[in-house]
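Overview (structure and organization)
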Amino acid sequence: MKLYEGQKGSTLQVIHMELPVQTERRLEVLGMLEGTRITVVNRKKKGAMIIKIRGTRFAMGQSITECIEVKEV
Amino acid sequence: MSTKELTIGFVGNPNCGKTTLFNAYTGANLKVANWPGVTVEKKEGAMRLHDETYRLVDLPGTYSLTSYTMEETVTRQYILSDDVDVIVDVVDASALERNLYLTLQLMELGKPVVLALNMMDIVQERGMEIDFHRLPEMLGIPCVPVSARRRTGLEILIHTVAHHQDKALGEKIIHHHDPEESRHKDAEEHHKYYAMVYSDEIEDKIDEIGERLKEAYPDMENLRWHAIKILENDQEVKERHPLDLTDLLDQDYEKEIINQKFGFIEEVIGECVANRTRKAESTDRTDRLLTHPVLGLPVFLLIMGLVFFLTFTVGDWLKGYFEIALDWLTEAAVGGLTAVGAGEMLISLITNGIIAGVGGILTFLPNIFILFLALAFLEDSGYMARVAYVMDGIMGRIGLSGRAFLPMLLGFGCTVPAVMASRVLEDRRDRMKTILITPFMSCSARLPIYVMFSELFFGERAMIVAFSMYVLGLFMAILSAFVMKFLDRGRESDMLLIELPEYKTPNAHTIYVYVSEKVKDYLSKAGTTIFVASIVMWLVMNFGFHGYTSDMDQSFGAALGRVLVPVFAPIGLGYWQIVLALISGIAAKEVVVSSCSVLFGIGNVTTEAGMANLFGLLGSMGFGPLNACALMVFCLLYVPCMAAVATIRRETGSWRWTGAMAAFQLTVAWVTAFAVYQAGSWFL
């Protein structure tokens, strides 16, 4: 499933990211790597989300959350 | 210890409390400058401890040291330069896992690094524990717990820096790695000197590239760092030190290097941090309301409403006292000057020129102070970043990311930093768009214009009229962005990605430094730009083709204003005095108000008597509420002040673009004021 389909409060594991290299690196530098577990803190209908990565919250637009493949854990 | 002044570079992630720590050392006595050629801000301060002077440099907050953004490149180059003796890496100890990535990158630069674990008060509050024996063992650098908010550990940190300044490479690092893990010939050596040791495959490559670099550039220092950067395919390093490595580099290793760094970080966290699962409950609770999918937006509008309410009401109440003081000063000046026998011309210059112009502007200080105080609160509490998330949906509809809203929000304070804040947007086109619409966000310098004219003509409804100017500005910004989105259809815009820091009680000292900086700016503007503009205005108004004249109708200013009257007549501003005030407003928007004082020869227009006087004068000219409305609209939308235009020129790097923008704004201002005036005359 894609990240934007994730429910509020769920913990997900990143499988793959299909983003422009620069955006992908930016996420990786923040600690969001393939295999990292993340939590959906909050979400809007359209797919903008607040995600917790390694204890820090990040807001992400829909254009990012729809390009990240995750699985439930 | 050497007698040489030590330069300490403060580096850290955004939101790690770096600025609070820096301010705790230096206070508000900062020198804010840009690096030559680029507008990346650096702050400098100095402090003394035990008869030694230390120079402290605060660098922009950053998550990494890649060369993807100008800010990171500049930061990196500066740290590598000879200017910096010791790096203080400030980390948020309550979010160590994410902060340590930058630490590992800094350590690879080869300069002495001291780790300052900030926010130790929060760590304790949450019941987390950090092993301060194991952490430096694993990282090979000194780690000092501090709390910038509680001002603890500050002196120890500087001591550590002083004693650590000559240490280029870490002492033996105690890893307890299993030597069997690695078959690398130098594994033992690597683990002795580098905290971060990569997999055999990558270490092999680092060694090989290092050797080739040594051949090609015999004087190069820190081969390991350069080699790692080349493996990461870092464009800046590759351009500066070109090397043919096609046989070695079969792929981009950046992802793998990041992965392995985080692997090591997880190891460090696992060994050094206990009880880290405790959550920051209060932030989650607050966010449930403030970032609520439906309520988030109304809550934001309510907060902004409150900010403006305070700015206008409390600000105006305080302003009354400033006016009384100014009146007293004018009288005293006239009395004093007459007593010493000063000429009529000099008295006129000082009272009608300088005191009326500069003093008039100073009376708005309370409004400005409260506005910036409110903005500082929003910023320091951690709410500002949430606004980007809340506004993302709406901004998406006009083709911008929620992040572009932050510069716009700062635009309510001052256009100059707002335009500079657009740097957070990576995409150049998005940045240009944001810079174009930011001046429509009504800055604090335009506030005096609204306060004066709305109080003059709208009495009790003054606040509503003034507030509607802000709404109109926002509306014009959104409309312009919408049109631009339509013009470049199908283009992907910047993606929203922003950290939402933990909420915290705003720090009094941080707010004090922030607000006092702004107040100082405002005062120095009154003392320079507005001072000069007032004198020039007085000269233009009191000299004509026949020399000094007390009849303004005969002055140069009147002649110039009259030339442009036909252009401004259709928008209800066809009065040479108003035209001249608008032209002078390009120096700084407040000058529109100070010019009115000078132009209409009123000592202090903002007092009750002065207002009544101006009201009468304007009324006799046929200038009514509708004209005032058109004037406020025009002031809201036309070319921003010189300082803002210069900043826009610097940020966009193009005169053509800046010129086009000014033309666009003049057109928009004229057309909107025309619509307001003509529609108004139709109905009234």
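Numbering of residues starts from 1 in each chain and follows the order in which that chain's sequence is written. As they are written, the chains are lettered A onward and the ligands numbered 1 onward, keeping that order. With pLDDT at 70 or above as the cut-off, local features in this predicted model cover only qualifying residues; side-chain atom pairs require 80 or more to be listed or tallied, and sums for whole chains, interfaces and linings still use all residues. For the side-chain quantities, the full set of heavy atoms in the structure was used; hydrogens and water were omitted.

**What about the overall build of chain B?**
Heads up, the rule is: For the purposes of this entry, the term helix denotes a DSSP run of H or I that reaches at least four residues, the term strand denotes a run of E that reaches at least two, and both are numbered from the N terminus. Buried residues are those whose accessible area, probed at 1.4 Å on protein chains only, stays under 20% of the maximum for their type, while exposed residues exceed 50% and partly exposed ones sit between those limits. Contacts were defined at the residue level, with two residues in contact if any of their heavy atoms lie within 4.5 Å. Only the protein chains shown count as covering a residue, and every accessible area follows the Shrake-Rupley method with a 1.4 Å probe. His is not counted here, nor are the chain ends, while Lys and Arg score as positive and Asp and Glu score as negative. For the purpose of locating charges, the reference atoms are NZ of Lys, CZ of Arg, CG of Asp and CD of Glu.
The helix and strand inventory of chain B stands at 31 helices and twelve strands. When the backbone C-alpha atoms are referred to their principal axes, chain B occupies close to 95 × 60 × 55 Å. Counting only residues that meet the buried cut, chain B has 57% of its 684 residues in that class. Relative to all contacts within chain B whose residues are 6 or more apart in sequence, the contacts with residues 24 or more apart total 73%. For chain B, the exposed area adds up to about 29000 Å²; of that, 61% sits on carbon and sulfur atoms. Placing the 57 positive and 80 negative side-chain charges of chain B at their respective mean positions leaves the two points 5 Å apart.

**Considerations on unusual backbone geometry**
One non-glycine residue with positive phi stands out, namely R151(B), at about 55°. Judged by its relative accessible area of 45%, R151(B) falls in the partly exposed class.

**Some details on the pattern of salt bridges**
Once the charged atoms of two side chains with opposite charge are near each other, the side chains can pair. Inclusion rule: By definition, a salt bridge exists where a carboxyl oxygen of Asp or Glu is found within 4 Å of a side-chain nitrogen of Lys or Arg.
All chains considered together, the criterion is met by 23 salt bridges over all chains. Put simply, R57(A) and E502(B) hold a salt bridge, and the shortest N to O gap is 2.9 Å. With one member in each of two chains, R57(A) in strand β4 (residues 56-60) and E502(B) in the loop between β10 (497-500) and α23 (508-527) form a pair that bridges those chains. With a shortest N-O distance of 3.8 Å, R149(B) and D121(B) are connected by a salt bridge. Here D121(B) lies in helix α4 (residues 120-125) and R149(B) lies in the loop between β8 (143-145) and α6 (154-164), a separation of 28 residues in the sequence. On the accessibility criterion, R149(B) (28% relative accessible area) is partly exposed. On the accessibility criterion, D121(B) (7% relative accessible area) is buried.

**Structural notes on the interface of chain A and chain B**
The condition that has to hold: A 1.4 Å probe defines the accessible area here, and the buried area is the portion of it lost by two parts on being joined, summed over both. Pairs of N or O atoms are called polar contacts if they sit within 3.5 Å, as long as, within protein, a hydrogen donor faces a hydrogen acceptor (for residues adjacent in sequence, only side-chain-to-side-chain pairs). For this classification, the nonpolar set comprises Ala, Val, Leu, Ile, Met, Phe, Trp, Tyr, Cys and Pro, the charged set comprises Asp, Glu, Lys and Arg, and every other residue, Gly included, is treated as polar. If DSSP finds at least two bridges between two strands, the strands pair.
Opposite the 34 residues of chain A that make contact, chain B presents 38 residues. Counting each side, the surface lost to burial between chain A and chain B is near 3200 Å², with a carbon and sulfur contribution of 56%. Interface area lost by chain A to chain B is led by V29(A), R54(A) and R57(A), which between them contribute 23%. K255(B) serves as the salt-bridge partner of E28(A), at 3.7 Å between the closest nitrogen and oxygen. At the boundary of chain A and chain B, one finds 13 residue pairs in polar contact (both at pLDDT 80 or more). Contributions of two or more residues to the side of chain A that touches chain B are made by α1 (21-29), β2 (37-43), β3 (49-53), β4 and α2 (62-65) of chain A. Considering each element in turn, the side of chain A that touches chain B owes the most residues, nine residues, to α1(A). Residue classes in the side of chain A that touches chain B are distributed as 15 nonpolar, nine polar and ten charged. As paired elements, β4(A) and β10(B) share four bridges and run antiparallel to each other. Following the sheet pairing, F58(A) is matched in β10(B) by E499(B).

**With respect to the domain arrangement of chain B**
Residue and element names in this part refer to chain B. Our working rule: Boundaries between domains were set according to an automatic or database domain assignment.
Assigned domains of chain B: these are domain 1 (6-164), domain 2 (179-274) and domain 3 (296-488 + 517-683). Between domain 1 and domain 2, the contact holds 26 residues from the first and 25 residues from the second. When residues of domain 1 are sorted by the area they lose upon contact with domain 2, Y101, E108 and M138 head the list and together hold 31% of the total. At the boundary of domain 1 with domain 2, the tally comes to four salt bridges. With its nearest N and O atoms 2.8 Å apart, the salt bridge here joins D234 to R76. Residue assignment for the side of domain 1 that touches domain 2 shows that the elements contributing at least two residues are α2 (70-80), α3 (96-108), β7 (129-130) and α5 (134-139).

**Details of the packing of aromatic side chains**
This is how it is decided: Aromatic pairing here means that ring centres of Phe, Tyr or Trp (its six-membered ring) are within 6.5 Å. Orientation follows from the plane angle: under 30 degrees is stacked, over 60 is edge-to-face, and everything else is tilted. Over a ring means this: the NZ of a Lys or the CZ of an Arg is within 6 Å of the ring centre and within 35 degrees of the ring normal.
For the coordinates displayed, the defined rule picks out 16 aromatic pairs over all chains. Taken together, a centroid distance of 5.9 Å and an interplanar angle of 75° make the contact between Y450(B) and Y470(B) edge-to-face. Of this pair, Y450(B) sits in helix α21 (residues 447-458) while Y470(B) sits in helix α22 (residues 462-487), placing them 20 residues apart in sequence. Their ring planes at 65° and their centres at 5.6 Å tell us that Y575(B) and F623(B) sit as a pair that is edge-to-face. Here the residue Y575(B) occupies a position in the loop between α25 (556-568) and α26 (576-584), and F623(B) occupies one in the loop between α28 (608-621) and α29 (625-637), the gap between them amounting to 48 residues. Pair check on accessibility: Y575(B) and F623(B) agree, each one buried. Among the aromatic residues, those joined into a ring-pair cluster are F453(B), F457(B), Y575(B), F615(B) and F623(B). Sitting above the plane of the Y389(B) ring, K44(A) keeps its charged end 5.0 Å from the centroid. Positioned above the aromatic ring of Y503(B), the side-chain terminus of R386(B) is 4.1 Å from the ring centre.

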